[in-house]
2 protein chains.
Amino acid sequence: MQRTKIQDVAALAGVSVSTVSRVVNNSDYPVTAEKRDRVRRAVRELNFSPSQVARNLRTNKSKLIALVVADIANPYFAGIARAMDEFLFHEGYGLIISSTDESPDREKGILNRLRDQDVDAIVISSSGQNISLLELLHKEGFPVMLLDRNIEELHMPFIGSDNVRECCILTQYLIDKGHRSILFLAGSLDSTTGKERLQGYRKALLKNRIEYDDSLVLHGNFMRDETYRLSVDFFDNRSDRATAVVSSNNLMSEGFLEAAFDRKISIPQQYSLVSFGSIDNQRLITPILTCYRQNLEMIGKLTAQMTLQMINESSGNADVPQNLVINDVFVEGKSVGTI
Amino acid sequence: MQRTKIQDVAALAGVSVSTVSRVVNNSDYPVTAEKRDRVRRAVRELNFSPSQVARNLRTNKSKLIALVVADIANPYFAGIARAMDEFLFHEGYGLIISSTDESPDREKGILNRLRDQDVDAIVISSSGQNISLLELLHKEGFPVMLLDRNIEELHMPFIGSDNVRECCILTQYLIDKGHRSILFLAGSLDSTTGKERLQGYRKALLKNRIEYDDSLVLHGNFMRDETYRLSVDFFDNRSDRATAVVSSNNLMSEGFLEAAFDRKISIPQQYSLVSFGSIDNQRLITPILTCYRQNLEMIGKLTAQMTLQMINESSGNADVPQNLVINDVFVEGKSVGTI
DNA sequence: ATGAAAGCGCTAACAA
DNA sequence: TTGTTAGCGCTTTCAT
């Protein structure tokens with residue numbers, strides 16, 4: 001069965017294709033009521049709906065926005081994706097989602113693919129290793145928006161948390177509870193996010209005149225399994241070196257908790273934990289984590305809004321980079337004990 | 001900055017556009033090594049990469065596959081999406097993901113959108129309320145593949161679980177532990193999946209000569225919050241009517257567990273629970289659920305494979321509908337007590 | 001107010 | 001082995 005095209009409609013309505021196009025697009029171009037009606041009827045009769053592909057080619061827009069993240073199965077990204085989709089759908093946009101698995105190479109491949117697809121914008125939580133490619137895309141006119149992980153030299157719109165501040169407060173919370181030897185689960189230091197969260201931790205130590213000890217920083221990559229391994233190793237060999245831990249994201253918190261569970265370390269009795277980001281199914285898990293909880297719905301919606309704004313601006317004049325720093329919610333749970 | 005196009009490459013290489021096209025597409029068409037080289041060099045120099053949009057229009061393929069699910073933030077779908085993306089990326093395909101929130105209207109809107117985008121295939125976990133539209137898409141040549149929820153009258157390829165069998169076994173497990181009054185958390189009965197799981201439950205009752213009691217079936221819609229409400233209501237008003245419960249999917253299990261937690265009902269001491277599908281962060285949650293665990297990685301990969309197969313076949317001859325029934329893994333946890 | 005026609009960037013049939 | 005060219009379905013300029 002063939003797709004009905006604009007010519008078919010034009011023929012049935014007895015008008016030219018231009019007229020059909022005008023009507024279909026609700027152009028404010030003048031069309032007599034009568035023809036408009038004839039076209040509308042023909043459209044309905046033939047169940048016509050214009051090929052977005054042909055439009056794409058002609059107009060250089062695809063009505064497609066890409067979301068590039070480490071892993072769409074991470075509830076953090078899935079929640080944001082959900083909210084973005086919700087918002088974008090109503091604006092007539094579709095969402096292409098790709099996972100990089102934290103691999104810069106994979107990320108590069110994905111970005112190149114997106115370039116060819118002519119997506120209208122790219123929202124990316126980048127490894128931070130593809131700066132020149134992102135720059136190139138930007139130059140070619142792709143609105144690029146940085147999500148969660150900023151890349152400062154790029155001067156592109158960014159939405160994310162105040163990592164330094166929030167991590168500092170989390171650490172301070174532990175210190176206030178009497179902890180002095182605090183482990184830090186670091187995410188990838190190639191990303192601003194990873195760096196800034198570590199920085200927040202150090203800032204809190206400094207403020208409280210606690211000496212920074214490099215051996216208390218476990219270097220991970222924001223991923224659960226790896227954190228599990230690091231944590232098990234820590235428990236097995238140097239468990240007594242710390243009384244509390246600051247985790248850099250939700251997955252790392254999960255990995256740590258799994259390790260503690262397997263090593264029969266009880267939280268918060270033996271170890272206290274604070275987390276950047278809450279974990280999935282928290283209501284079913286003991287203890288409730290003391291953490292900064294991110295409002296995924298809001299982040300997703302704002303991201304979508306900013307992205308559309310970029311798209312519209314970029315067709316106009318200068319695109320003004322804009323940074324949006326989200327204030328997450330501090331949740332006082334039961335995962336921290338007093339010393 | 002302008003996109004470089006095939007003409008630019010042709011000019012720089014001193015050949016015709018067809019030659020460039022042939023080289024770029026690795027066509028097995030004969031091209032002399034020398035020209036091939038010249039083209040390759042020009043491609044690199046100009047950083048050329050063909051517009052997928054123009055290709056789409058010309059070839060009627062978009063290298064885009066759509067995944068339509070109730071909610072991409074449901075770990076079940078997110079896990080499948082992740083695995084599909086993994087596989088499809090290597091085959092040169094992108095993945096458009098849309099969430100329907102279980103709304104047939106929303107689903108319809110999404111499907112119409114996808115039609116215009118000319119996606120190469122649609123993978124859908126459908127509400128089951130848009131049969132005629134799915135049929136239309138099929139007639140128009142869109143390969144459609146049903147995921148998790150079958151619609152039998154459509155005779156389209158399907159991948160999913162053996163719902164009747166697995167739910168029957170889950171129920172039987174409870175019966176074997178001495179339970180006779182068993183609550184069933186039903187998903188939407190508009191979907192085959194919802195119906196079949198209920199059917200499996202009834203089958204087990206029948207086999208054991210336990211009378212089916214309609215008031216022990218809580219009618220939900222596969223969603224967490226609603227199940228929470230239904231469960232709380234049950235606990236508050238008719239808690240003593242049952243000693244065990246069969247849940248129709250992961251989210252409903254979570255909703256039930258949250259309700260039990262809030263009402264201080266302990267599992268499995270006061271109530272036993274078996275679940276179709278495991279829950280997120282299970283390792284951190286007590287008790288471990290007795291459930292059928294679905295291998296999302298495998299399901300996603302197989303789905304992607306079948307989809308590509310459909311795409312390739314449909315360009316060829318008859319597309320043979322194919323049903324793939326996954327054997328999930330029975331996990332014996334600690335969520336069931338003996339009576 | 002309407003229609004004819006150019007052309008978006010590419011592939012592929014056909015010609016040479 | 002290579003080049004020329006039609007045309008994918010649409011939007012939009014220009015002429016009427």
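Quantities reported herein were computed from a predicted structural model and do not represent experimental measurements.

Some details on the protein's contact with DNA strand C
Residues in contact with DNA strand C amount to 26 residues; listed here are only the nearest, Arg22(A), Pro30(A), Ile6(B), Arg55(B) and Arg58(B). Among all atoms of DNA strand C positioned within 4 Å of the protein, those belonging to sugar or phosphate total 61%. One nitrogen or oxygen atom from the side chain of Lys5(B) is found 2.7 Å from a phosphate oxygen belonging to DNA strand C. In the model, a phosphate oxygen of DNA strand C is placed 2.9 Å from a nitrogen or oxygen of the Ser21(B) side chain.

Remarks on the packing of helix α4 (residues 52-59) of chain A against helix α4 (residues 52-59) of chain B
Running from N to C, α4(A) and α4(B) point in directions that differ by 140°, and their axes come no closer than 9 Å. If you check the angle between α4(A) and α4(B), you find them oblique. The two elements α4(A) and α4(B) meet at a crossing, and its hand is left-handed. Contacts between α4(A) and α4(B) pair Val53(A), Ala54(A), Asn56(A) and Leu57(A) from the former with Val53(B), Ala54(B), Asn56(B) and Leu57(B) from the latter.

As for helix α9 (residues 192-207) of chain A
Residues and elements named next belong to chain A. Between the first and last C-alpha of α9 there are 22 Å, a value that for 16 residues agrees with the 22 Å anticipated at 1.5 Å per step. Looking only at α9, the buried set comprises Thr-192, Thr-193, Gly-194, Glu-196, Arg-197, Leu-198, Gly-200, Tyr-201, Ala-204 and Leu-205. Considering only its buried residues, α9 is in contact with α8 (163-176), β6 (182-186), β7 (217-219), β8 (244-247) and β9 (272-276). In the stretch just after α9, Arg-209 is the one whose phi turns positive, near 55°.

Looking at the relation of the copies chain B and chain A
Relative to chain A, chain B is turned by 180° and slid 0.1 Å along the rotation axis, the superposed coordinates differing by an RMSD of 0.2 Å. When the rotation and shift are considered jointly, the pair of chain copies conforms to a two-fold rotation axis. Among all C-alpha atoms of chain B, that of Ile96(B) lies closest to the rotation axis, at 2.1 Å. Of the residues that chain B buries at the interface, 97% are likewise interface residues in chain A, meaning the two copies contact each other through the same surface.

Thoughts on the pattern of salt bridges
Scanning all chains against the criterion turns up 26 salt bridges over all chains. Arg263(A) serves as the salt-bridge partner of Asp236(A), at 2.7 Å between the closest nitrogen and oxygen. Of the two residues, Asp236(A) is situated in helix α10 (residues 224-238) and Arg263(A) in the loop between α11 (250-262) and β9; the sequence distance between them amounts to 27 residues. The partly exposed category is assigned to Asp236(A), whose relative accessible area is 44%. Here the salt bridges do not stand alone but share partners, grouping Asp71(A), Asp101(A), Arg106(A), Arg82(B) and Glu86(B) into one network.

Quick notes on the packing of aromatic side chains
Per the stated rule, a full pass over the model turns up 16 aromatic pairs over all chains. With a centroid separation of 5.4 Å and 75° between ring planes, the pair formed by Tyr292(B) and Phe330(B) is classed as edge-to-face. Of this pair, Tyr292(B) sits in strand β10 (residues 290-293) while Phe330(B) is found in strand β12 (residues 329-331), placing the two residues 38 residues apart along the sequence. Judged by relative accessible area, which is 30%, Phe330(B) ranks as partly exposed. Three or more aromatic residues joined by ring pairs make a cluster, and in this case those are Tyr173(A), Tyr292(A) and Phe330(A). One cation-aromatic arrangement involves Arg202(A) over Tyr212(A); the distance from NZ or CZ to the ring centre is 3.6 Å. Note that Arg197(B) overlies the ring of Phe276(B), its terminal NZ or CZ placed 3.6 Å from the centroid.

Points about the UniProt feature "domain: HTH lacI-type" (unreviewed entry) in chain A
Under the UniProt annotation, "domain: HTH lacI-type" (unreviewed entry) lies at residues 4-59 of chain A. In residues 4-59 of chain A, helix accounts for 68% and strand for 0%; the two terminal C-alpha atoms are 20 Å from one another.

Description of the sheet that holds β10(B)
Whenever strands of a sheet pair, they do so through backbone hydrogen bonds, lying parallel or antiparallel. Residue and element names in this part refer to chain B. Read from one edge of the open sheet, 6 strands run β7-β6-β8-β9-β10-β12, paired in mixed fashion. Pairing within the sheet leaves two strands with one partner each, and these edge strands are β7 (217-219) and β12. Sheet twist, expressed as the average angle between the axes of neighbouring strands with direction ignored, equals 15°. Looking at chain direction, strand β6 (residues 182-186) and strand β8 (residues 244-247) are connected through 4 bridges and run parallel. When the bridges of β8 are listed, Leu-185 appears paired with Ser-247. Its contacts with the sheet put helix α9 (residues 192-207) on β6, β7, β8 and β9 (272-276), and the angle it makes with β6 is roughly 170°. In this fold helix α11 (residues 250-262) packs onto β6, β8 and β9, with an angle of close to 155° to the strand it touches most, β9.

A closer look at the pairing of β9(A)
Residues and elements named next belong to chain A. The buried fraction of β9 is high, at 5 of 5 residues. Along β9, one buried face is formed by Ser-272, Val-274 and Phe-276 and the opposite face, lined by Leu-273 and Ser-275, is buried too. Across 4 bridges, the pairing between β8 and β9 is parallel. If you follow Ser-247 over to β9, its bridge partner there is Ser-275. Taken together, β8, α11 and β9 constitute a β-α-β crossover, and its handedness is right-handed.

The rules we used
Residues numbered from 1 in each chain as written. Chains lettered and ligands numbered in written order. Predicted model: local features only at pLDDT ≥ 70, side-chain atom pairs only at ≥ 80, totals over all residues. Heavy atoms only, no water. Near = heavy atom within 4 Å. Polar contact = N/O pair within 3.5 Å; in protein donor to acceptor, adjacent residues only side chain to side chain. Axes fitted to C-alpha atoms, helices over the stretch in contact; angles between N-to-C directions. Helix = DSSP H or I, 4+ residues; strand = E, 2+ residues; numbered from the N terminus. Parallel < 35°, antiparallel > 145°, perpendicular 65-115°, else oblique. Left-handed = near helix turned anticlockwise from the far one by under 90°. Contact = heavy atoms within 4.5 Å. Expected span 1.5 Å × (residues − 1). Buried < 20%, exposed > 50% of the residue type's maximum accessible area, 1.4 Å probe, protein only. Least-squares fit on C-alpha atoms with pLDDT ≥ 70 in both. Salt bridge = Lys/Arg side-chain N within 4 Å of Asp/Glu carboxyl O. Phe/Tyr/Trp six-rings, centres within 6.5 Å; stacked < 30°, edge-to-face > 60°. Lys NZ or Arg CZ within 6 Å of the ring centre and 35° of its normal. UniProt positions renumbered as here; feature names shortened; annotations may be inferred. Pairing = 2+ DSSP bridges. Right-handed = clockwise from strand over helix to strand, strands pointing away.

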